Amino acid sequence: MPNPLSKLEKINHPLFDKYQLDVRVKRDDLIDNTISGNKWRKLKYNLKQLKGSHYQGAITFGGSYSNHIHAFAYACKQHNIPCIGVIRGEARYANNFTLSWARQWGMQCHFVDRKTYRRRFETDFLAELAELYPGYFFIPEGGSNSLAITGVAEIITELNQQTEFDTLLTPVGSGGTIAGLISGDSVAQCKHHKILGVAVLKQAEYLIEEIKCLLTPKALKHNNWRLLTDYHRGGYAKFSTQDIVRLREFNQITGITFEPVYSGKMVLALLDLIEQKYFSQGERIILLHTGGLQGLGGMIEQGKLSADDWPALTYAD
Ligand SMILES: Cc1ncc(COP(=O)(O)O)c(C=O)c1O
């Protein structure tokens, strides 16, 4: 068995002591400074497919502050793959934190308005793009395709080598990451685990069907997962001042930076669930740190967070 890609770190917190919980963090955020967390996992087999293939390049989709766009642009630069980002929003976003880096790494941004962006799964829109960019390999928003599922499933293989556990928590945006975890767990030889997804957007119930669509046939029969839809804190990329105070305090106690859009919402959900006595005494919980720290750059730039409170972000040219 190859060594795990990321380490597992035990964390301490007064609430864990109070409720006798064993909590560890799967540090996928440390896999790579730029292609971090679930992006690394999701892109692994997509990049393999692209390298040495007949494709002219790769095209993907995302918002103007997207972690996926940022990581994908860098991965394509590393592997010399021409890349296009179909970006939701106006061209004025081209110089924001995320897209400045993406463009510096060679991504060509194709801006579309919100109405057009909603067509990103429609075959006629994809055909129009394919005509504009012939021979390009298409990767959906968030990188969530079947190749991504294979990459994410490897997290379970690693975890099973690293420890025994009961429950795994992950943030959920498009659903690809949790689908990969469920798929990985459904084929593991060891004891199966409870997998809890924390939806980071409002009215996310529709994601249950989207997650099912991404599951392997065996995983479809695997029922030990749940999507928690009440911990979005007001909607995508929304949070209160109190949320940030709690999250920063948690980061300080654990020494790990969780950002407020994805992994931070998982942390806040964990704290709420513990207070609600959701977990059993002695439960062994893993938090999947999905990375995404580059998103802090955009939030600081928009004045949603103060630069003084968060670590500085640096990336290679
Ligand atoms: C840092 C981070 N964590 C979690 C997620 C959620 O992953 P998924 O879209 O696969 O549900 C995303 C992206 O969407 C992300 O950028």
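Entries for the protein chain in the domain assignment read domain 1 (8–34 + 145–309) and domain 2 (38–142). For domain 1 versus domain 2, the distance between C-alpha centres works out to 25 Å. Facing 26 residues of domain 1, the contacting portion of domain 2 comprises 22 residues. For the pairing of domain 1 and domain 2, the buried interface totals around 2100 Å² over both sides, and the portion due to carbon and sulfur atoms is 53%. The largest contributions to the domain 1 side of the interface with domain 2 come from Thr34, Leu147 and Gln294, which together make up 30% of the buried area. At the junction of domain 1 and domain 2, the tally comes to three salt bridges.

Right, let's get into the nonpolar core. Ranked by size, the top nonpolar core spans 34 residues in total, and within it Phe16, Leu169, Leu270, Phe279 and Leu287 carry the most contacts. Of all the secondary-structure elements, those providing two or more residues to this core are α1 (14–18), β2 (22–26), β8 (194–199), α11 (241–254), α12 (263–275), β10 (284–288) and α13 (295–301). With seven residues, the single largest contributor to this core is α12. Among residues more than four places away in sequence, those in contact with Phe16 are Ile11, Leu21, Val23, Phe250, Leu270 and Ile274. Of all hydrophobic cores here, the second largest spans 26 residues; its members include Ile178, Leu181, Ile182 and Ile211.

With their axes 11 Å apart at the nearest point, helix α2 (residues 38–50) and helix α3 (residues 67–78) run at an angle of 45 degrees to one another. In terms of axis orientation, α2 runs oblique to α3. Relative to α3, α2 is oriented so that their crossing is right-handed. On α3, the residues that touch Lys39, Leu43 and Leu47 of α2 are Asn67, His68, Ala71, Phe72 and Ala75. Of the residues that constitute the contact of α2 with α3, the class distribution is five nonpolar, two polar and one charged.

A few words on the site of the ligand. In the vicinity of the ligand there are 16 residues, among which Lys42, Gly173, Ser174, Thr177 and Thr290 approach most closely. Taking Gly176, its main chain carries an N or O atom lying 3.3 Å from an oxygen atom of the ligand. Between Thr177 and the ligand, the recorded distance is 2.7 Å, taken from a side-chain N or O atom to an oxygen atom. Bound to the protein, the ligand loses 96% of the 380 Å² it would expose on its own. Going through the elements one at a time, α2, β7 (167–172) and α8 (176–187) are the ones with two or more residues in the shell around the ligand. Among the elements that take part in the shell around the ligand, α2 stands out by supplying three residues, more than any other. Here the residues of the shell around the ligand are counted per class, giving three nonpolar, eleven polar and two charged. Counting residues domain by domain, the shell around the ligand receives three or more from each of domain 1 (8–34 + 145–309) and domain 2 (38–142).

About the criteria used
- Residues numbered from 1 in each chain as written.
- Predicted model: local features only at pLDDT ≥ 70, side-chain atom pairs only at ≥ 80, totals over all residues.
- Heavy atoms only, no water.
- Domains from an automatic or database assignment.
- Contact = heavy atoms within 4.5 Å.
- Buried area = accessible area lost by both parts, 1.4 Å probe.
- Salt bridge = Lys/Arg side-chain N within 4 Å of Asp/Glu carboxyl O.
- Core = buried A, V, L, I, M, F, W, Y, C linked by side-chain atoms within 4.5 Å.
- Buried < 20%, exposed > 50% of the residue type's maximum accessible area, 1.4 Å probe, protein only.
- Helix = DSSP H or I, 4+ residues; strand = E, 2+ residues; numbered from the N terminus.
- Axes fitted to C-alpha atoms, helices over the stretch in contact; angles between N-to-C directions.
- Parallel < 35°, antiparallel > 145°, perpendicular 65-115°, else oblique.
- Left-handed = near helix turned anticlockwise from the far one by under 90°.
- Nonpolar A, V, L, I, M, F, W, Y, C, P; charged D, E, K, R; others polar.
- Near = heavy atom within 4 Å.
- Polar contact = N/O pair within 3.5 Å; in protein donor to acceptor, adjacent residues only side chain to side chain.
- Areas by Shrake-Rupley, 256 points an atom, 1.4 Å probe, with all protein chains shown as cover.

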